[in-house]
Amino acid sequence: MGKTVVIDGNEAAAWGAALSRPDMVAVYPITPQSSLVEYLAEFIADGRMDADLMDVEGEHSALSVLHGACLAGARTYSATSAQGLAYMFEPYFRTPGLRLPIVVSLVTRDGVSPTCVWGGQQDAMSVKDIGWIHMFCENQQEICDTIPIAYKVAEHPEVMLPVNVNHDGNYLSYGVARVDLPDQEVVNAFLGEKDVNWHACLDPERPMAVDPLTGGATGAGPSMFVRYRKGICAGMQNALSVIEEAHEEWGRRTGRHWAPLIENYRMDDAEIALVTIGSMTGAAKDAVDEARESGARVGLVKIKTFRPFPAARIAEALAGVKAVGVVDRAVNFGWNSGPVFQEVLAALYGSAARMPVMSFIGGLAGADITVEHFARVIERTRRLAAGEFATQPVWLNEND
Amino acid sequence: MGAFDTIAFHPERCDGCGACMTACSTAKGGASRLSIVPGAGDGRFELALCRQCGDPRCVMVCPAGALFKESDTGVIAWDETRCIDCLLCTAGCAYAGIALDDASGRVSKCDTCDGDPACVKVCPTGALEWVTAGDIYRDYGEKEDLFVPGLSACQGCNSELIIRHAMRKIGRNAVVATPPGCIPGMGSVGYNGKTGCKVPVFHPLLTNTASMLAGIRRQYDRTGRKDMVVMALAGDGGTSDCGFHAVSGAAERNEKILYVCVDNEGYMNTGMQRSSTTPFGSWTSTTPVGDHMRGKSQDAKDLPMVMVAHKCAYVATASTGYMDDLYAKLDKAIAASFEGFSYLHIYSPCPTGWRIPSDKVIEACRLSVESNFVTLWEYTREKGLHFTRSPDRPIPVQAYVEMLGKYRHLNAAETAHIQAKVDEKVALLRQLAAA
């Protein structure tokens with residue numbers, strides 16, 4: 001059996017990475033991710049982790065180094081946050097097209113401006129449509145477990161896409177909790193050795209041109225480019241079942257069964273439902289429990305996998321409720337709402353179910369979303385079910 | 001047909017002193033095997049000497065098989081035991097390269113003193129030169145061409161020359177990065193699924209070439225494949241401007257990379273826009289010449305010097321006008337890339353963007369070096385900086401500037417500014433070279 005430790009979320013991520021045995025770790029520090037890369041450096045310095053550590057001059061290079069190493073056959077890892085992700089964007093944007101199975105932790109944070117170094121999911125939500133798989137963790141244990149799962153998914157030949165494993169800055173990065181570390185042998189058996197990604201590699205034994213100019217209006221260009229684009233979409237859709245299989249196998253090997261796509265909490269007879277993502281889910285579940293004690297038939301759907309978006313599962317889970325309150329930790333400025341709210345609306349419209357849905361935005365810039373806040377969300381969603389519609393989002397911390 | 005080292009003659013340097021003939025006579029005995037004779041009335045001298053021809057008439061006309069071309073040196077050898085003294089060879093040669101020696105009564109000709117000619121050593125003006133470029137072409141010819149056949153560069157562009165030579169040098173056990181610009185524009189990474197190289201090649205981003213190569217090199221070092229060359233063939237924009245963070249970071253970490261920067265002084269592939277290595281006064285499409293602007297108003301970033309400040313394992317400048325120098329530096333740069341960051345900066349004129357005829361590119365290279373606008377030097381941590389071609393006795397930079405269309409608008413003061421900057425740069429280099 002592995003050992004049990006009490007660690008913060010950044011150390012849990014470092015353990016998840018170390019257990020996955022990457023060859024190359026390229027890092028650049030940024031609040032609130034910094035301690036994560038310090039843990040990795042410490043693991044490598046102590047010999048607990050056999051990886052090459054490259055302290056690069058910025059996040060743009062951190063991901064670029066992973067591109068190179070991965071094209072030479074390496075399993076690779078990095079972590080970043082907010083401004084770091086923004087600076088990383090150019091190679092980030094390119095990664096899915098190269099179909100590189102890279103795993104990067106996002107320690108989610110609100111972006112500048114106004115200048116802010118505290119938690120929020122604006123960074124992750126700003127890159128949701130690039131072609132990276134996104135999985136959001138609820139607690140420290142889930143962070144540690146999800147990183148090996150992420151490699152299993154990324155390196156699956158039917159997927160071959162990069163994965164962001166996201167955990168909330170501050171609340172999870174610095175919050176301490178009990179974590180059961182799996183045995184290295186268990187993770188080894190689960191993950192296996194990384195195969196060289198022969199579809200795109202730079203090896204003199206097998207020369208190829210990686211990323212030649214593709215497209216243009218004539219010849220094979222347009223159809224070839226479309227084939228690449230459709231390939232990413234196919235990989236994403238394949239990932240839905242691969243993610244489920246990977247979580248199932250992880251559960252079998254470790255005894256910890258995480259909901260792979262969405263988790264339905266007390267949804268069986270629910271009349272109204274909350275939709276949550278990330279660490280806010282803990283307080284939300286407490287609020288649901290309290291409301292249940294007073295007789296309210298309320299349930300909760302937690303989104304673990306945000307990309308690919310498990311639209312059918314969400315529509316199915318919410319099909320029977322009379323109203324839905326979606327709580328976001330980020331803002332979709334163009335829609336005057338939260339981004340997850342938009343996603344849920346889109347998923348529902350693909351089904352026959354019709355019910356009012358409201359957007360709640362909270363936890364920005366490190367603000368707490370308390371059980372009390374969620375009680376207000378539940379109360380407002382009950383009134384929504386009763387016909388009190390909303391045209392504006394509710395900003396949970398605007399008077400805090 | 002092989003290429004061989006040979007004796008070159010620069011008539012403009014010859015003062016007719018005859019020291020070479022005396023040295024030859026002393027070294028070989030008998031009459032001198034070369035003759036310096038007055039030219040056709042222009043005050044210059046001409047040289048009569050065996051050309052060691054590739055298709056030698058003397059050999060063809062010899063009825064006795066006494067003359068033959070040595071396969072390893074290219075020298076036309078004379079076998080005195082076979083010679084029947086018919087003198088047909090002296091009639092067959094158009095260059096007076098083989099002649100009757102009155103003293104011995106037999107023919108005699110230059111044998112290059114086994115590759116160490118006595119005449120060259122005594123020439124006081126440098127009019128005679130032992131040219132070793134033959135090594136380059138022989139070496140080049142023996143190595144496999146790893147770049148796509150044909151040429152899709154602009155006419156006269158030397159970048160294709162650099163690519164071909166560099167890739168032949170590194171061989172098949174290599175990975176090559178060609179960031180966006182003229183070099184992939186020439187088809188190195190191919191188009192729509194077809195490659196342009198026989199080695200693994202890729203388009204990095206314009207901005208991350210050195211970082212991607214660092215990741216590749218580290219992984220192959222980790223898996224024990226340390227003998228692989230990991231090389232960038234990049235332009236000045238991606239090196240000096242938006243990709244500089246990656247170059248500087250990789251150099252600081254001493255990543256084992258061969259980084260070749262082909263500097264054509266601007267973003268030529270995208271339409272000749274200004275870069276930080278564009279020199280003062282240059283017309284570019286973003287530093288045009290009009291009533292309110294007279295080309296680039298700032299001086300160029302001296303990137304090779306910036307790399308010296310990084311204390312790289314190797315830093316050198318080169319020009320396609322001096323291929324022997326470039327070739328030697330390529331060898332050193334490749335060797336250094338197994339020890340640490342190795343940086344080779346090659347100045348490569350852009351006939352299209354600089355507005356010069358395509359047949360004037362090598363001349364532009366030569367004038368840029370002869371005027372010290374481009375200096376040829378190399379740096380190592382152990383030995384510091386030294387010139388590989390003397391910057392002494394330069395010609396005025398005016399001679400270089402006036403042959404380039406991009407400087408057509410320059411006035412005397414602007415040309416003087418360029419001259420002053422050249423002098424300033426050479427003074428600094430001299431200080432470093434002396435240190």
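For every chain, the first residue of its written sequence is number 1, and the numbers climb from 1 along that sequence. Chains and ligands are labelled sequentially in the order written, the chains with letters from A and the ligands with numbers from 1. Side-chain atom pairs in this predicted model are given and counted only at pLDDT of 80 or more, local residue features only at pLDDT of at least 70, and totals for whole chains, interfaces and linings cover all residues. For side-chain calculations, the full set of non-hydrogen atoms in the structure is used, while hydrogens and water are omitted.

Now for the interface of chain B and chain A. By definition in these notes, contact holds between two residues if any of their heavy atoms fall within 4.5 Å. In this assembly, 37 residues from chain B lie in contact with 43 residues from chain A. Salt bridges are defined as contacts in which a side-chain nitrogen from Lys or Arg sits within 4 Å of a carboxyl oxygen from Asp or Glu. Applying the counting criterion to the chain B and chain A interface returns five salt bridges. Asp50(A) is paired through a salt bridge with Arg222(B); the nearest N and O atoms lie 3.5 Å apart. Any N or O atom pair separated by 3.5 Å or less is treated as a polar contact, with the protein-specific requirement of one donor-capable and one acceptor-capable atom, and with residues adjacent in sequence counted only for side-chain atom pairs. Viewed at the interface, chain A and chain B are joined by 18 residue pairs in polar contact (both at pLDDT 80 or more). Pairing between strands is defined by DSSP: at least two bridges between the two strands are required. Runs of H or I in DSSP of at least four residues are treated as helices and runs of E of at least two as strands, each being numbered from the N terminus. The sheet contact formed by strand β9 (residues 209-210) of chain A and strand β10 (residues 201-202) of chain B spans two bridges and is parallel. Bridge pairing links Val210(A) to Phe202(B) in β10(B).

Residue and element names in this part refer to chain A. Taken together, seven strands build an open sheet; the order of strands is β3-β2-β4-β5-β7-β6-β13 and the sheet is mixed. Both outer strands of the open sheet, β3 (52-55) and β13 (305-307), are each paired with one neighbouring strand and no more. Taking each pair of neighbouring strands and ignoring which way they run, the sheet shows an average axis angle of 20 degrees. Bridge analysis of strand β2 (residues 24-27) against strand β4 (residues 76-80) gives two bridges, and the strand direction is parallel. The axes used here are C-alpha line fits, helices contributing only the stretch in contact, and every angle between their N-to-C directions lies in the interval 0 to 180 degrees.

Another aspect to go through is the state of the cysteines. Residue and element names in this part refer to chain B. Note that a disulfide, as used here, is simply two cysteine sulfur atoms within 2.5 Å. What the rule picks out here adds up to zero disulfides over all chains. Of the cysteine sulfurs around Cys89, a residue in no disulfide, the closest is that of Cys86, at 6.3 Å. Looking at the unpaired Cys110, the closest cysteine sulfur is the one in Cys50, lying at 6.3 Å. Exposure categories follow from relative accessible area, calculated using a 1.4 Å probe and restricted to protein chains: below 20% of the type maximum is buried, above 50% is exposed, and the middle band is partly exposed. Look at Cys110 and you get buried, because its relative accessible area is 10%.

Residues grouped as a nonpolar core are buried Ala, Val, Leu, Ile, Met, Phe, Trp, Tyr and Cys residues, joined through side-chain atoms within 4.5 Å. Core analysis: the largest hydrophobic core is formed by 109 residues, its most contacted members being Leu318(A), Phe374(A), Tyr259(B) and Phe341(B). Counting residues per element, this core draws most heavily on helix α3 (residues 59-71) of chain A, at seven residues. In this structure Phe341(B) touches Val247(B), Ala250(B), Ala251(B), Asn254(B), Glu255(B), Ile257(B), Tyr259(B), Met307(B), Cys312(B), Ala313(B) and Tyr314(B), once residues within four positions along its chain are discounted. Counting residues in each nonpolar core, the second largest holds 54 residues, with Trp15(A), Leu36(A), Tyr77(A) and Leu261(A) among its members.

Residue and element names in this part refer to chain B. End to end, helix α16 (residues 412-434) covers 32 Å across 23 residues, agreeing with the expected 33 Å (1.5 Å per residue, within 8%). Of the residues making up α16, those classed as buried are Glu414, Thr415, Ile418, Val422, Lys425, Val426 and Leu429. Buried residues in α16 make contact with α11 (303-309), β15 (377-380), β16 (384-387) and α15 (397-401). A side-chain oxygen of the first residue of α16 lies 3.1 Å from the backbone nitrogen of Ala413; this N-cap is Asn411. In this analysis, the expected span of each helix is defined as 1.5 Å times one less than the number of residues it contains.

It is worth spelling out the domain arrangement of chain A at this point. All names here are of chain A. Domain boundaries assigned for chain A yield domain 1 (4-198 + 244-251) and domain 2 (262-395). Marked domain ranges trace back to an automatic or database domain assignment. Computed over C-alpha atoms, the centres of domain 1 and domain 2 are 27 Å apart. In this complex, domain 1 contributes 24 residues to the contact, which on the side of domain 2 involves 29 residues. A buried area of about 2100 Å², summed over both sides, lies between domain 1 and domain 2, and 50% of it is on carbon and sulfur atoms. Here domain 1 and domain 2 share seven salt bridges between them. Buried area, as used here, totals the accessible surface that two parts lose on assembly, with accessibility defined by a 1.4 Å probe and the loss added over both.

A full pass over the atoms with the stated rule returns 56 salt bridges over all chains. Linking Asp85(B) and Arg106(B) is a salt bridge whose minimum nitrogen-to-oxygen distance equals 3.0 Å. Of the two residues, Asp85(B) sits in the loop between β5 (76-78) and α3 (88-92) while Arg106(B) sits in strand β7 (residues 106-109), which places them 21 residues apart along the sequence. The exposure class of Asp85(B) is partly exposed, given its relative accessible area of 38%. Several salt bridges share partner residues, and in doing so they unite Glu138(A), Glu142(A), Glu263(A), Lys285(A), Lys302(A) and Lys304(A) into one network.

Glancing now at the pairing of strand β12 (residues 298-303) of chain A. Residue and element names in this part refer to chain A. Burial of β12 is extensive: six of the six residues sit out of reach of the surface. Residues Val298, Leu300 and Lys302 of β12 are buried on one face, and the alternating residues Gly299, Val301 and Ile303, pointing to the opposite face, are buried as well. Two elements, strand β11 (residues 272-277) and β12, share six bridges in a ladder whose sense is parallel. Bridging across to β12, Ile272 finds its partner in Val298. Whether a crossover is right-handed depends on one test, that the path from the first strand over the helix to the second runs clockwise when the strands point away from the viewer. In terms of handedness, the path from β11 via helix α9 (residues 280-293) over to β12 forms a crossover that is right-handed.

Once that is clear, we can look at the packing of aromatic side chains. Aromatic ring pairs are reported here in terms of the distance separating the ring centres and the angle at which the planes meet. Side-chain rings of Phe, Tyr and Trp, where Trp is taken by its six-membered ring, are said to pair if the distance between their centres is within 6.5 Å; with planes under 30 degrees apart they count as stacked, over 60 as edge-to-face, and otherwise as tilted. Scanning the entire structure with this criterion turns up ten aromatic pairs over all chains. With centroids separated by 6.0 Å and ring planes inclined at 20 degrees, the aromatic side chains of Tyr259(B) and Tyr343(B) adopt a geometry described as stacked. Taken together, the positions of Tyr259(B) in strand β12 (residues 258-263) and Tyr343(B) in strand β14 (residues 342-347) put the pair 84 residues apart, joining distant regions of the chain. Judged by relative accessible area, Tyr259(B) falls into the buried class, the value being 1%. When its relative accessible area of 0% is taken as the criterion, Tyr343(B) is described as buried. Through a chain of ring-to-ring contacts, three or more aromatic side chains come together here, namely Phe89(A), Tyr92(A), Phe93(A) and Trp132(A). Placement of a positive charge over a ring is assigned whenever Lys NZ or Arg CZ falls within 6 Å of the ring centre and within 35 degrees of the normal to the ring plane. Positioned over the ring face of Phe306(A) is Arg307(A), at 4.8 Å from the centre of the ring.

To continue, consider the packing of helix α1 (residues 9-19) of chain A against helix α2 (residues 34-46) of chain A. All names here are of chain A. The contact between α1 and α2 brings their axes to 8 Å, and the two run at 45 degrees. Judged by the angle between their axes, α1 and α2 are oblique. In this structure, the crossing between α1 and α2 has a hand that is right-handed. Where α1 approaches α2, its residues Asn10, Glu11, Ala13, Ala14, Trp15, Ala17 and Ala18 are matched on the opposing element by Ser35, Leu36, Tyr39, Leu40 and Phe43. Its residues assigned to classes, the contact of α1 with α2 comprises nine nonpolar, two polar and one charged. Any angle that is under 35 degrees is reported as roughly parallel, and any over 145 degrees as roughly antiparallel; angles of 65 to 115 degrees are reported as roughly perpendicular and all others as oblique. Each helix crossing is assigned a hand: it is left-handed if the near helix lies turned anticlockwise from the far helix by less than a right angle, otherwise right-handed if that turn is clockwise. For this classification, Asp, Glu, Lys and Arg are treated as charged, while Ala, Val, Leu, Ile, Met, Phe, Trp, Tyr, Cys and Pro are nonpolar and the rest, including Gly, are polar.

The next subject is the side chain of Ser282(B). Residues and elements named next belong to chain B. Mapped onto the fold, Ser282 is located in the loop between β12 and α11. Here Pro279 takes part through its backbone oxygen, which lies 2.8 Å from a polar atom of the side chain of Ser282. Within the structure, the side chain of Ser282 is placed 3.5 Å from the side chain of Lys406, a separation counted as a polar contact. When sequence neighbours within four positions are dropped, the list of residues in contact with Ser282 reads Thr287, Gly295, Lys296, Lys406 and Tyr407.

With an omega of 5 degrees, the peptide bond running from Thr31(A) to Pro32(A) counts as cis. Mapping Pro32(A) onto the fold places it in the loop between β2 and α2. The amide bond that connects Arg307(A) to the next residue, Pro308(A), takes the cis arrangement and shows omega of -5 degrees. Along the chain, the position of Pro308(A) falls in the loop between β13 and α10 (311-318). Of note, Gln52(B) is a non-glycine position whose phi angle comes to about 50 degrees, a positive value. Turning to its location among the elements, Gln52(B) is positioned in the loop between β3 (45-48) and α2 (57-61). We classify Gln52(B) as buried; its relative accessible area is 10%.

Another point: the environment of Asp110(A). All names here are of chain A. Note on placement: Asp110 falls in the loop between β5 (103-108) and α5 (122-126). Asp110 sits in the buried class, given a relative accessible area of 10%. For the pair formed by Asp110 and Ser337, sequence separation is 227 residues and the distance between their alpha carbons is 16 Å. Every residue in contact with Asp110, bar those within four places of it in the chain, is listed here: Ala82, Cys116, Trp118, Gly119, Gly120, Gln122, Leu364 and Ala365. In terms of polar contacts, Asp110 uses its side chain to reach the backbone amide nitrogen of Ala365, at 2.7 Å.

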